[in-house]
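Summary of the model geometry
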Amino acid sequence: MDASFLLIQTLNGIQYGLLLFLIASGLTIVFGIMGVINLAHGSFYMIGAYLALSLSTLTGNFFVAILMGTLSMAIIGLALEWLFISHLYKRDHLQQVLLTFGLILIFNEVQSIVWGNDPHGVEIPQFLSGSIPLTDTLSYPVYRIFVSAVCLLLAGLMYLIIQRTRLGQQIRAGSTDQEMVENLGINLRLLYAIVFSTGVTLAGLAGMIAAPIESVYPGIGEQVLIISFVVVVIGGIGSIKGAFVGAIAIGIADVYGQVFFPDLASVAVYAVMAFVLLWRPSGLFGRSL
């Protein structure tokens with residue numbers, strides 16, 4: 001096992017972690033700011049993957065499909081917030097869990113009706129289908145580098161919006177003291193709609209760009225949801241920075257777990273979570289309760 005092989009596995013872990021960050025960041029801001037436990041978040045990842053499949057086939061261009069799919073996910077997010085999520089803000093967590101679990105069942109049934117139950121593949125764009133040689137026998141796919149670059153770009157954009165814009169100030173204030181935000185005359189309902197739609201869009205976009213790497217198949221969202229909750233718990237609820245650090249840690253732990261302990265790969269992920277919670281019960285960057 002040489003250094004080149006370890007480098008490839010590290011790059012795979014970082015790429016997987018960055019993809020997890022896109023999903024988990026939406027999950028953590030929705031819970032941290034709106035106080036809503038959204039079990040249907042993984043379904044948005046699944047919808048994004050299937051949109052990439054259908055729209056790339058329809059348009060013949062993967063990047064046009066991504067743009068159309070991103071807009072579609074934003075509209076879906078706004079519609080769901082208005083129809084369902086807006087009624088949960090004053091409800092307890094049990095009702096949130098029941099409603100969002102019901103959404104999972106609805107989305108899975110719609111997926112089965114529209115796309116069927118067979119796995120599908122999305123073709124990698126031609127100019128991103130090559131590999132970069134690392135040694136005489138090992139190379140690294142260009143598309144995986146593209147995925148990492150897109151995730152890093154979006155992470156940087158999220159940082160700038162949250163830390164340097166008026167909307168970001170409102171989001172940070174809303175996560176700390178919602179009553180104060182309302183008293184300042186800020187439209188909290190509009191803020192919630194933007195936050196929820198953003199979370200849906202990020203999860204859907206993650207599904208779209210991951211589709212050429214992974215097979216698109218029924219139930220893909222449930223697996224992603226579980227690991228995303230692990231990332232949120234490790235990073236600290238409501239913390240974007242925590243989601244980033246937690247996602248990278250889980251991505252690397254998962255990849256190296258599969259390399260060195262294939263029979264116990266999933267244990268490595270939960271072992272990281274257990275260690276962090278023993279050290280910091282509120283997560284790496286979470287607020288102490």
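Before going into details, it helps to say that this report is about the structure given with it. On a predicted model such as this, the values are computed, not experimentally measured, just so you know. (Residues numbered from 1 in each chain as written. Predicted model: local features only at pLDDT ≥ 70, side-chain atom pairs only at ≥ 80, totals over all residues. Heavy atoms only, no water.)

In this section: the overall build of the protein. Summing up its helical and strand segments, the protein has eleven helices and two strands in all. Overall, the protein shows an N-to-C arrangement of helices and strands of α-α-α-α-β-β-α-α-α-α-α-α-α. Taken over C-alpha atoms, the radius of gyration comes to 19 Å for the protein, in line with the 19 Å a tight globule of 289 residues would show. For the protein, the spread of C-alpha atoms along the principal axes amounts to about 65 × 50 × 35 Å. Taking all 289 residues of the protein together, the buried fraction comes to 46%. Partitioning the contacts of the protein with sequence separation of at least 6, the portion at a separation of at least 24 is 78%. Of the roughly 14200 Å² that the protein leaves accessible, carbon and sulfur atoms contribute 66%. Taken together, the 10 basic and 14 acidic charged side chains of the protein have centroids lying 18 Å from each other. (Helix = DSSP H or I, 4+ residues; strand = E, 2+ residues; numbered from the N terminus. Rg over C-alpha atoms; globule rule 2.2 N^0.38 Å. Buried < 20%, exposed > 50% of the residue type's maximum accessible area, 1.4 Å probe, protein only. Contact = heavy atoms within 4.5 Å. Areas by Shrake-Rupley, 256 points an atom, 1.4 Å probe, with all protein chains shown as cover. Lys, Arg positive; Asp, Glu negative; His and termini not counted. Charge placed at Lys NZ, Arg CZ, Asp CG, Glu CD.)

This part is about the side chain of Q111. Structurally, the position occupied by Q111 is in helix α4 (residues 93-115). For Q111, a relative accessible area of 2% puts it in the buried group.

Taken together, the side chains of L157, I161, L167, L190 and I194 define a hydrophobic patch exposed on the protein surface, amounting to about 370 Å² of accessible area. Mapped by element, the contributors of at least two residues to the nonpolar patch are α5 (142-164) and α8 (188-210). Checked against the element boundaries, I194 lands in helix α8. (Patch = residues over 30% accessible without salt bridge, like charges linked within 9 Å, V, L, I, M, F, W, Y side chains within 5 Å. Salt bridge = Lys/Arg side-chain N within 4 Å of Asp/Glu carboxyl O.)

Now for the packing of helix α1 (residues 3-34) against α5. The interhelical angle for the contact between α1 and α5, taken along N-to-C directions, is 40°, at an axis separation of 9 Å. One way to sum up the angle between α1 and α5 is to call them oblique. For the pair α1 and α5, the crossing hand works out as left-handed. The residues of α5 that touch α1, namely those facing N12, Q15, L18, L19, F21, L22 and S25, are R144, V147, S148, C151, L152, L154, A155 and M158. Across the contact of α1 with α5, the residue classes break down as ten nonpolar, four polar and one charged. (Axes fitted to C-alpha atoms, helices over the stretch in contact; angles between N-to-C directions. Parallel < 35°, antiparallel > 145°, perpendicular 65-115°, else oblique. Left-handed = near helix turned anticlockwise from the far one by under 90°. Nonpolar A, V, L, I, M, F, W, Y, C, P; charged D, E, K, R; others polar.)

What characterises a pair of aromatic rings is the spacing of the ring centres plus the angle enclosed by the ring planes. In the structure shown here, the tally under the stated rule is eleven aromatic pairs. Between Y256 and F260, the aromatic rings sit 5.7 Å apart at their centres with planes inclined by 5°, giving stacked as the arrangement. One end of the pair is Y256 and the other is F260, both in helix α10 (residues 240-260) and four residues apart, which spans about a single turn. Members of the aromatic cluster, each reached through a chain of ring pairs, are F62, F63, F127, Y143 and F146. (Phe/Tyr/Trp six-rings, centres within 6.5 Å; stacked < 30°, edge-to-face > 60°.)

Another aspect to go through is α1. Taking 1.5 Å of rise per residue, the 32 residues of α1 would be expected to cover 46 Å, and the 45 Å separating its terminal C-alpha atoms lies within 8% of that figure. Helix geometry: α1 is bent most strongly at I23, by close to 30°. In terms of burial, α1 is largely enclosed, as 23 of its 32 residues are buried. Downstream of α1 by a residue or two, G35 has a phi angle that is positive, lying close to 70°. (Expected span 1.5 Å × (residues − 1). Bend = angle between axes of the 7 residues up to and from the residue.)

The subject of this paragraph is the packing of α1 against α10. Packing of α1 against α10 leaves a shortest axis separation of 6 Å and a crossing angle of 140°. Here α10 runs oblique to α1, going by the angle between their axes. Seen from above, α1 lies across α10 with right-handed handedness. Of the residues belonging to the contact of α1 with α10, the class tally is 19 nonpolar, eight polar and one charged.

Moving on, we get to the environment of L167. Relative to the assigned elements, L167 resides in helix α6 (residues 166-176). A relative accessible area of 31% places L167 in the partly exposed class. Between the C-alpha atoms of L167 and I23, which are 144 residues apart in sequence, the distance is 21 Å. Residues within four places of L167 in sequence aside, it is in contact with L191 and I194.

This paragraph deals with the nonpolar core. Of all hydrophobic cores here, the largest spans 81 residues; its most connected members are M34, F44 and I209. Broken down by element, this core gets its largest block of residues, 13 residues, from α8. (Core = buried A, V, L, I, M, F, W, Y, C linked by side-chain atoms within 4.5 Å.)

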